[in-house]
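# Remarks on the overall topology
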Amino acid sequence: MLAATSSTKTSTEQNRLVANDRKRALFRLSFFLRAFILPSEAGTAEPASTPGEENLSFLVATKSKFQAIRGTRDLLPPETALWNRVEGTAREIFGTFGFGEIRPPILEPTELFARAVGGETDMVSKEMYSFEDRDESSTSLRPEATASVCRAYIEHQMQQLPLPVKLYYIGPMFRRERPQKGRYRQFFQIGAEVLGGTDAPAIDAEVIEMVMSFFDRLQLPGVQLEINSIGHNADNCRRGYVAQLASALEKVKDKLGTDSQRRIETNPLRVLDSKLEREQPIIQNLPRIADHLCDECKAHYAAVKRQLEMRGVLYHENWRLVRGLDYYMRTTFEITAAGLGSQNAVCGGGRYDGLVELLGGPPTKGIGFAIGEDRLILSLQEAAKVTTVAARDVYIAWMGEHAQTTAIRAAKSLRAAGISVELPPVGQKFGKALERASKLNSRYALILGDNEVAEGSWTLKTLADGSQQKFSEPELLDFLKRSL
Ligand code: HAM
């Protein structure tokens, strides 16, 4: 607790320093632009900015094009249809397990993450987007949402609700990591947390079962679940193990890379995460946490495994799975999927009893996970399990003034029946209209000229094979409802 508080202070100070550095950099940039790039602007009178306000009006004069910030991207149709389908499936499956949705804010006090995730972690010390707000408080774009959900649990006194409280969230997170395939600076997570009540191993197993059922429903390829227990923070459990690990690491320090050497001091457990080739044989010979768990943690871990087996969930044990955030204890797990290259963790989670208390709430058990939605989508796409083609059910090829009135009415009744309709804003020659209909991947073209309208007999063309059928207005609606 004390250590967490002091590291919090350090990281808050660090954040303030970083914010000041950024201000100075912005000022230098503005000076440079004014002096050298925009000389015509240099002499013009500018409205004085009030203290504390940046006057950036000179930037408006540049004509350069804008691009999404590095590590962020636009999600566009037709791909967004897949995102919506994935999110819809998550809502449906999580709902069947009794989870309700929470939508916490994207901005939170920097200190929330420093205290929950840990001031020494990469996420907090290097990767957060933090800024000094106008009231000089340090604010951050959330790098993860477990801390926010715990903050909300305390703020809304959810301990008074029937326990456990089961919540899920879907939304963007922000981490300033080096962008690569499957790793972005703005990315999306689908996460779930179970808070309060007991720490019965059946809860751990059910949470894992839920995420595995979700992946199963999506037919995610190559799913592999790895589990571990990292015990609890006591001398006869993890703390004792970490001390032994640190002294074993000291003995082989010279053979380790600089990152691992540094971690002997800051967080020896993280050395086990190392992917560095030459460290692998050394790590294999390090003491293992399973041999140092206290009796309670050992029993809890054995029961979690039994509970997973009762649910038919297949798992591999990985004694090196320690996860990078400070709040974990006992059960940790990660799920990988195919087609993702080096960033193949599609879900990470674990138990975090004590986190709510650390944030000022009552003693509370907690466990949860977060799925990297960008990676999930990538894996589904790579496996070609999904087709993301833009499609319309019906393209209305109309020409003539009477035909437009009828076309508008037809579009309205088809859309009301849930059928997607493209209604061109101006009449088109039929040849052109059919060309556009197939470019838009339409299934049918409804042909409405003044003759068809006068006769009350409408032609429906199936674009795949060119066949045509004639219908009256009610017959058409009936046919489309049955065939789409
Ligand atoms: P995490 O392991 O940091 O855990 O992130 C969970 C998942 O988010 C990762 O497995 C990965 O799929 C995805 N992810 C993380 N960083 C990026 C990135 N830069 N670009 C794309 N995807 C990324 C947490 O965030 C914990 N809050 C999970 C949790 C919830 N534990 C308990 N409850």
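Note that this is a predicted model, so its numbers are computed, not measured. (Residues numbered from 1 in each chain as written. Predicted model: local features only at pLDDT ≥ 70, side-chain atom pairs only at ≥ 80, totals over all residues. Heavy atoms only, no water.)

A tally of helices and strands in the chain yields 17 helices and 16 strands. Of all 484 residues assigned to the chain, the portion counted as buried reaches 46%. Counted over contacts in the chain with a minimum sequence separation of 6, partners at least 24 positions apart contribute 70%. Total accessible area on the chain is roughly 25,200 Å²; 52% of this is exposed by carbon and sulfur atoms. (Helix = DSSP H or I, 4+ residues; strand = E, 2+ residues; numbered from the N terminus. Buried < 20%, exposed > 50% of the residue type's maximum accessible area, 1.4 Å probe, protein only. Contact = heavy atoms within 4.5 Å. Areas by Shrake-Rupley, 256 points an atom, 1.4 Å probe, with all protein chains shown as cover.)

Moving on, we come to the site of the ligand. For the ligand, the set of nearby residues contains 28 residues, the closest of which are Glu144, Glu177, Glu193, Tyr328 and Ala345. One nitrogen or oxygen atom from the side chain of Glu144 is found 2.6 Å from a nitrogen atom belonging to the ligand. Note that a nitrogen atom of the ligand is positioned 3.3 Å from one of the backbone N or O atoms of Phe369. For the ligand, the accessible surface in isolation is 660 Å², of which the surrounding protein chains cover 95%. At the level of secondary structure, the elements contributing two or more residues to the shell around the ligand comprise strand E6 (186–195), strand E10 (345–351) and strand E11 (366–372). Residue classes in the shell around the ligand are distributed as 13 nonpolar, 8 polar and 7 charged. (Near = heavy atom within 4 Å. Polar contact = N/O pair within 3.5 Å; in protein donor to acceptor, adjacent residues only side chain to side chain. Nonpolar A, V, L, I, M, F, W, Y, C, P; charged D, E, K, R; others polar.)

The next subject is the sheet that holds E11. With mixed pairing, 8 strands are arranged side by side in an open sheet as E1-E5-E6-E11-E10-E9-E7-E8. Among the strands making up the open sheet, the edge pair consists of strand E1 (100–101) and strand E8 (316–317). (Pairing = 2+ DSSP bridges.)

Another aspect to go through is the environment of Phe174. Tracing the backbone shows Phe174 in strand E5 (residues 165–174). On the accessibility criterion, Phe174 (11% relative accessible area) is buried. Sequence separation of Phe174 and Met128 is 46 residues, and the distance between their C-alpha atoms is 7.1 Å. Residue contacts for Phe174: discarding those within four places in its chain leaves Ile106, Glu127, Tyr129, Leu141, Arg142, Pro143, Arg185, Gln186 and Phe187.

In this section: the packing of helix H3 (residues 79–96) against helix H7 (residues 201–217). Between H3 and H7, the least distance of the axes is 10 Å, while the angle of their chain directions is 140°. Viewed along their axes, H3 and H7 adopt a mutual orientation that is oblique. For H3 against H7, the interelement crossing comes out right-handed. The residues of H7 that touch H3, namely those facing Val86, Thr89, Ala90, Glu92, Ile93 and Phe94, are Met210, Ser213, Phe214 and Arg217. Class assignment for the residues of the contact of H3 with H7 results in 6 nonpolar, 2 polar and 2 charged. (Axes fitted to C-alpha atoms, helices over the stretch in contact; angles between N-to-C directions. Parallel < 35°, antiparallel > 145°, perpendicular 65-115°, else oblique. Left-handed = near helix turned anticlockwise from the far one by under 90°.)

Let us now look at the nonpolar core. If you look at the biggest cluster of nonpolar residues, it comprises 98 residues, and the most contacted ones within it are Phe94, Phe214, Phe215, Phe369 and Leu376. Element by element, the count of residues in this core is highest for H7, at 9 residues. Counting residues in hydrophobic clusters, the runner-up holds 19 residues, among them Ile396, Ala407, Val421 and Trp458. (Core = buried A, V, L, I, M, F, W, Y, C linked by side-chain atoms within 4.5 Å.)

Moving on: the pairing of E10. For E10, the buried fraction is high: 6 of the 7 residues fall into the buried class. As judged from the 6 bridges shared by strand E9 (residues 329–336) and E10, these two strands associate in the antiparallel manner. Bridge assignment links Met329 to a residue of E10, and that residue is Arg351. Note: E10 against E11, 5 bridges, orientation antiparallel. What sits directly across from Gly348, in E11, is Ala370.

The subject of this paragraph is the layout of surface pockets. Considering only enclosed or pocket space, the second largest pocket measures out at about 1,200 Å³ in volume. As for the second largest pocket, its lining consists of 40 residues, of which Asn233, Arg238, Asn267, Asp326 and Tyr327 are closest to the centre. Secondary-structure elements contributing two or more residues to the lining of the second largest pocket are helix H1 (2–37), helix H4 (110–117), helix H5 (122–125), helix H8 (238–251), helix H9 (258–266) and helix H12 (355–358). With 4 residues, H9 is the largest single contributor of residues to the lining of the second largest pocket. Here the lining of the second largest pocket is built from residues that sort into 15 nonpolar, 11 polar and 14 charged. (1 Å grid on protein atoms, 1.4 Å probe; cavity = no way out; pocket = protein on both sides within 12 Å on 5 of 7 lines; lining within 4 Å. Points joined across faces, edges and corners; volume = space filled by probe spheres on them.)

A word on the sheet that holds strand E15 (residues 458–462). Reading across from one edge, E13-E12-E14-E15-E16 is the order of the 5 strands in this open sheet, with mixed pairing throughout. If you trace the sheet from one side to the other, it starts and ends with strand E13 (421–422) and strand E16 (468–471), each paired once. By the bridge criterion, 4 bridges tie E15 to E16 in an arrangement that is antiparallel. Residue pairing across strands places Trp458 opposite Phe471, the latter belonging to E16.

Scope: geometric values only; no functional claims are made or implied.
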